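If you want the building blocks of each chain, they are given just below.
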Amino acid sequence: MKHTDIITVLKSEPSLHEVTVRGWVRSFRSNRFIAVNDGSTIKNIQCVVDFENFEEETLKNITTGASIEVTGALVESQGAGQTVEIQVTKVAVLGTADPEEVKLTILSPKRHSLEKLREQAHLRVRTNTFGAVMRVRSKLSFAVHQYFQENGFYYMNAPIITGSDAEGAGEMFRVTALPPTNPPLDDAGNVNYKEDFFEKETNLTVSGQLEAETYAMGLGKVYTFGPTFRAENSNTSRHLAEFWMIEPEVAFCDLDGNMDLAEDFIKYVVKYALDNCQDDLEFLENRLVDEEKSKPQAERSDMSLRDKLSFIGENNFKRVSYTEAIEILRNSKPNKKKKFKYIINEWGADLQSEHERFLVEKHFKCPVILFDYPADIKSFYMRLNDDGKTVRAMDVLFPGIGEIVGGSQREERYDVLLQKMETMGIPKDELYWYLDLRKFGTCVHSGFGLGFERLVQFVTGMGNIRDVIPYPRSPGNAEF
Ligand code: 4AD
Ligand code: MG
C-alpha cells in the first residue's frame, strides 16, 4: 500500500478516507498515543490506538526507535499541538528496536549533549536538532543552485584530485597509490612519484578556483559547489578538514561587482531559508534560547535567530578597507587594554577571528566586507593595486562566524602574475595552464569562495561546525 509523507498528511483536512504513514516511533504513551516521525518534517503525527483492538505482541514492539506502518482515518485532533491525528485501524511493526539497547543510545528520550550526538553520528539525524539542521542544509544547497541558475551562471565541476595547490599554502592531503612501505625512490632517494598512479604528485583539492577561472574564460559566469579539503591543523568550531565550498567566477567583473554578487547571493539564500524552513528555524531558534539560558546575560544575543536572519536581508553590508579596519582595531578598547590575544600594532598584520568578530559584532554591528588587504598576507593570484602593496581581495565577515567568504579580483596581467609567482615560490611549470589564460584574451575577472558549512552554521545558529555536516572530518577524527 502507498504511504504518504507526514508533512503532507499534517497539511491535509480531516477525512474519512484512510491514510498510511511510515516512520519511526518517537514515543508511545499510555498504550494509546504513538508519536511518529518520518523525517519529512520536524513535526510528529499523533496516532491514536484503541489497545483493546490490537494484539498485545504488536503493541509490545511499538517502542521508541522502531519503524512502523500505520493506517487509519485522519481526524480532527482532540489534543493540543496538532490539528489532525490518525485514528489507527491497522498498525505493523516494520523494524523493531530493543528498548534495552535504545536506552544506551541517543535515541532514548532525554536530553543528550551535542558531543554525545557526535559520537553516534549514524543515529543523530533522528533527533529533532539534527533533523532540522540537515533539512535546512538541503534547502540551502538548493537555494545556492537556484540563485546561480536564475542569474545566468553555469555549474562547473572542478576536479577533486589535482596536481596544483590553488591557495599556495601547502595544506594538502596527498593522493597516492604507492605502497606505504618501501615506495620506489628516485636517484636522490626521494619518493619517485613518476611511478605513482598519475605519474606525478597529486593531492585533494583545497579550492576549485583556478579551474573555475579557466571555465569563466569561456562560459562567462560559472560556479562550483563541491567538497574541498584542507590538512590544516585547526581544531576550532569553524574549521573542517573536509568542507563544501561554493565558488562563483565571473569574467569582465571587478572587485566592486564581486562584492555586489557576494552580498546579493548571501541575502538570497538566507531569505530562501527564512521562507522555506519555518518549522525547523522555529525549533532551532527555541533551542538556541534554551542553550543561552546557561550563559551569563552579557553573552546572550539580543536578537532571536530569525531576527538575525531577517537583519541580513534588510541591511547593507558595511564595506571597509583593510587600512581603515586596522585603524579602528588599533584604537579599539580591547587592543589598548591588551584584551586581544593578538595585539594589532601596525599595518600589515593578519587579522585573527577575534579582530574580525570585534569589527562585526562590537564596532559596526552588521556584516562587514573588508577589502584591499596587504599583498603579503594574501594568495598569489590576487590583483595588485597601483600602490604596489595591497591587493584587490575581499573577505565577508559575519556575526558569530567571522570570515564566511574569501574572494578577490584576479591578476589578469601575465607579467605581473608571473613575477608574483616567482617571488612567492609558486611552481610555474605546474600552473602553466593558469598563466596561459593571461595570454589568450585575458580580461578583468573576479570570484569568491563561500564555506557552505559556515553558512549553514549561521542560518541554524549551531555553535560548532561539526554539527552542520553529516560526518565531520577534523584532526584526529574520521569516524564513520
Ligand atoms: O578564504 P579561502 O581560503 O579562499 C579560497 O579558497 C579561494 N580560492 C576562494 C575563491 O576566491 N574562489 O576559503 C573560502 C571560504 C572561507 O571564507 C571559509 O568560509 C571557507 O571557505 N573555509 C572553510 N570552511 C570550513 N573549514 C575550513 N577549514 C575552511 N577553510 C576555508
Ligand atoms: Mg580566506
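Criteria and thresholds
- Residues numbered from 1 in each chain as written.
- Chains lettered and ligands numbered in written order.
- Predicted model: local features only at pLDDT ≥ 70, side-chain atom pairs only at ≥ 80, totals over all residues.
- Heavy atoms only, no water.
- Near = heavy atom within 4 Å.
- Polar contact = N/O pair within 3.5 Å; in protein donor to acceptor, adjacent residues only side chain to side chain.
- Areas by Shrake-Rupley, 256 points an atom, 1.4 Å probe, with all protein chains shown as cover.
- Helix = DSSP H or I, 4+ residues; strand = E, 2+ residues; numbered from the N terminus.
- Nonpolar A, V, L, I, M, F, W, Y, C, P; charged D, E, K, R; others polar.
- Domains from an automatic or database assignment.
- Contact = heavy atoms within 4.5 Å.
- Buried area = accessible area lost by both parts, 1.4 Å probe.
- Salt bridge = Lys/Arg side-chain N within 4 Å of Asp/Glu carboxyl O.
- Buried < 20%, exposed > 50% of the residue type's maximum accessible area, 1.4 Å probe, protein only.
- Arc of directions from axis to C-beta.
- Axes fitted to C-alpha atoms, helices over the stretch in contact; angles between N-to-C directions.
- Left-handed = near helix turned anticlockwise from the far one by under 90°.
- Pairing = 2+ DSSP bridges.
- Patch = residues over 30% accessible without salt bridge, like charges linked within 9 Å, V, L, I, M, F, W, Y side chains within 5 Å.

## Comments concerning the site of ligand 1
Around ligand 1 lies a shell of 24 residues, among which Glu 167, Gln 209, Arg 230, Glu 247 and Glu 403 are the nearest. At a separation of 2.7 Å, a nitrogen atom of ligand 1 approaches a polar side-chain atom of Gln 209. Here a nitrogen atom of ligand 1 sits 3.4 Å away from a polar atom, N or O, in the main chain of Phe 448. When ligand 1 sits alone it has 630 Å² of accessible area, and the protein chains cover 93% of it. A total of 5 residues in the shell around ligand 1 trace back to one element, the largest contributor, which is strand β15 (residues 402-409). Here the shell around ligand 1 is built from residues that sort into 8 nonpolar, 8 polar and 8 charged.

## Considering the domain arrangement of the protein chain
Here the protein chain is partitioned into domain 1 (6-104) and domain 2 (128-171 + 206-467). Each of domain 1 and domain 2 has a C-alpha centre, and the two are 44 Å apart. On the side of domain 2, 6 residues touch domain 1, which itself brings 6 residues to the contact. Here domain 1 packs against domain 2, burying approximately 480 Å² in sum over the two surfaces, 45% of which is carbon and sulfur. At the surface where domain 1 touches domain 2, the tally comes to 1 salt bridge. For Lys 43, the salt bridge goes to Asp 279, with nearest N and O atoms at 3.6 Å.

## What about helix α10 (residues 322-330)?
Of the positions making up α10, those classed as buried are Tyr 322, Ala 325, Ile 326, Ile 328 and Leu 329. Considered in projection along α10, the buried side chains sweep an arc of 160° and stay on one side of the axis. Its buried side turned inward, α10 meets β12 (318-321), α11 (333-336), α12 (353-364) and β13 (368-374).

## Section: the packing of helix α7 (residues 255-276) against helix α9 (residues 305-314)
Axis separation between α7 and α9 bottoms out at 9 Å; the angle between their running directions is 145°. The chirality of how α7 crosses α9 is left-handed. Where α7 approaches α9, its residues Ile 266, Lys 267, Val 270 and Leu 274 are matched on the opposing element by Arg 306, Leu 309, Ser 310, Ile 312 and Gly 313. Here the contact of α7 with α9 is composed, by residue class, of 5 nonpolar, 2 polar and 2 charged.

## Comments concerning the environment of Ser 408
Tracing the chain through its elements places Ser 408 in strand β15. You can call Ser 408 buried: its relative accessible area is 0%. Sequence separation between Ser 408 and Asp 254 is 154 residues, and the spatial gap between their C-alpha atoms is 8.6 Å. Among all residues touching Ser 408, those that are not within four sequence positions of it are Leu 255, Asn 258, Tyr 381, Met 382, Arg 392, Ala 393, Met 394, Ser 446 and Gly 447. A polar contact is formed between the side chain of Ser 408 and the side chain of Arg 410, at a distance of 2.6 Å.

## Thoughts on the sheet that holds strand β4 (residues 67-76)
Around the barrel, which closes on itself, the 5 strands sit in the order β1-β2-β3-β5-β4 with mixed pairing between neighbours. When the angles between neighbouring strand axes are averaged without regard to direction, this sheet yields 55°. Sheet topology places β4 next to strand β5 (residues 84-95); 10 bridges connect them, and they run antiparallel. Note on β5: the bridge partner recorded for Glu 69 is Ala 92.

## Focus on the sheet that holds strand β16 (residues 445-451)
With mixed pairing, 8 strands are arranged side by side in an open sheet as β6-β10-β11-β16-β15-β14-β13-β12. Because the sheet does not close on itself, it has two edges, and the strands there are β6 (154-155) and β12. As defined by bridge partners, β6 adjoins strand β10 (residues 221-229) across 2 bridges and the pair is classed as parallel. Residue pairing for β10: Tyr 154 is matched across the bridge by Val 222. Most of the contacts of α10 go to β12, to which it runs at about 90°, and overall it touches β12 and β13.

## What to know about unusual backbone geometry
In the Ramachandran plot, Asn 182 falls in the positive-phi region, its phi being about 50° despite a non-glycine side chain. Looking at the element boundaries, Asn 182 is found in the loop between β8 (174-175) and β9 (202-204). The class of Asn 182 is exposed, set by a relative accessible area of 72%. Residue Asp 372 is not a glycine yet carries a positive backbone phi of 55°. Examined against the element boundaries, Asp 372 turns out to sit in strand β13.

## Here we look at helix α6 (residues 209-219)
All buried positions along α6 are accounted for by Gln 209, Leu 210, Glu 211, Ala 212, Glu 213 and Ala 216. Buried residues along α6 sit against β7 (161-162), β10, β11 (242-251), α14 (432-436) and β16.

## Focus: a nonpolar patch on the surface
Taken together, the side chains of Ile 160, Ile 161, Phe 197 and Phe 198 make up a nonpolar region of the molecular surface, amounting to roughly 380 Å² of accessible area. Relative to the elements of secondary structure, Ile 160 occurs in the loop between β6 and β7. Under the relative-accessibility criterion, Ile 160 is labelled partly exposed at 32%.

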